[in-house]
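# Remarks on the overall topology
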Amino acid sequence: QVQLVESGGGLVQAGDSLRLSCAASGRLYMADTMAWFRQTPGKEREFVAGITQRTGSTYSADSVKGRFTISRDNAKNTLFLQMNSLKPEDTAVYYCAASRLQGVITDQVLYDYWGQGTQVTVSS
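Our subject in this report is the structure included herewith. Here the structure is a predicted model, which is why all the values come from computation and not from measurement. (Residues numbered from 1 in each chain as written. Predicted model: local features only at pLDDT ≥ 70, side-chain atom pairs only at ≥ 80, totals over all residues. Heavy atoms only, no water.)

### Topic: the nonpolar core
In this structure, Leu4, Met34, Trp36, Leu81, Met83 and Tyr94 are the most contacted members of the largest nonpolar core, which totals 36 residues. When contributions to this core are tallied by element, the ones reaching two or more residues are β1 (2-7), β3 (18-26), β4 (33-39), β5 (46-52), β7 (68-73), β8 (78-83), β9 (92-99) and β11 (118-123). The biggest single contributor to this core is β9, with 5 residues. (Core = buried A, V, L, I, M, F, W, Y, C linked by side-chain atoms within 4.5 Å. Buried < 20%, exposed > 50% of the residue type's maximum accessible area, 1.4 Å probe, protein only. Helix = DSSP H or I, 4+ residues; strand = E, 2+ residues; numbered from the N terminus.)

Below you can see the structure in the form of structure tokens.
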């Protein structure tokens, strides 16, 4: 099992920045790929950005490219999402997720472990 705990959400204004963190614990060898997803009420969970464990390769959704950066600190077992130039449409609950699969994985059903989520609200 892998446990994930997100933090860093909050209320900001458009154009501001936030950094989300996801502390991972447990059987971390089972988390080959990690990612951030987000969800707003009435909508499906949406892929935001992912990072592979073995190569450190990153990939992100077109809607956040150039603004959001995913990274990890292996020594601290922590995943980050640096969000710059935030827009009101970025408002959502952000979830950290881990998959036992390797590679570019954007489908939420392929992720095995999830955090509880952290709210990000961007006012205009």
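### Thoughts on the sheet that holds β7
Consider a sheet: its strands pair through backbone hydrogen bonds, and that pairing is either parallel or antiparallel. Strand order in the open sheet formed by 4 strands is β1-β3-β8-β7, and the pairing between neighbours is antiparallel. Two strands in the sheet have a free side with no partner beyond their single neighbour: β1 and β7. On average, adjacent strands in this sheet sit at an angle of 20° to one another, irrespective of strand direction. In this structure, β7 lies alongside β8, joined through 6 bridges in antiparallel fashion. Each bridged residue has a counterpart across the sheet, and for Thr69 the counterpart in β8 is Gln82. (Pairing = 2+ DSSP bridges. Axes fitted to C-alpha atoms, helices over the stretch in contact; angles between N-to-C directions.)

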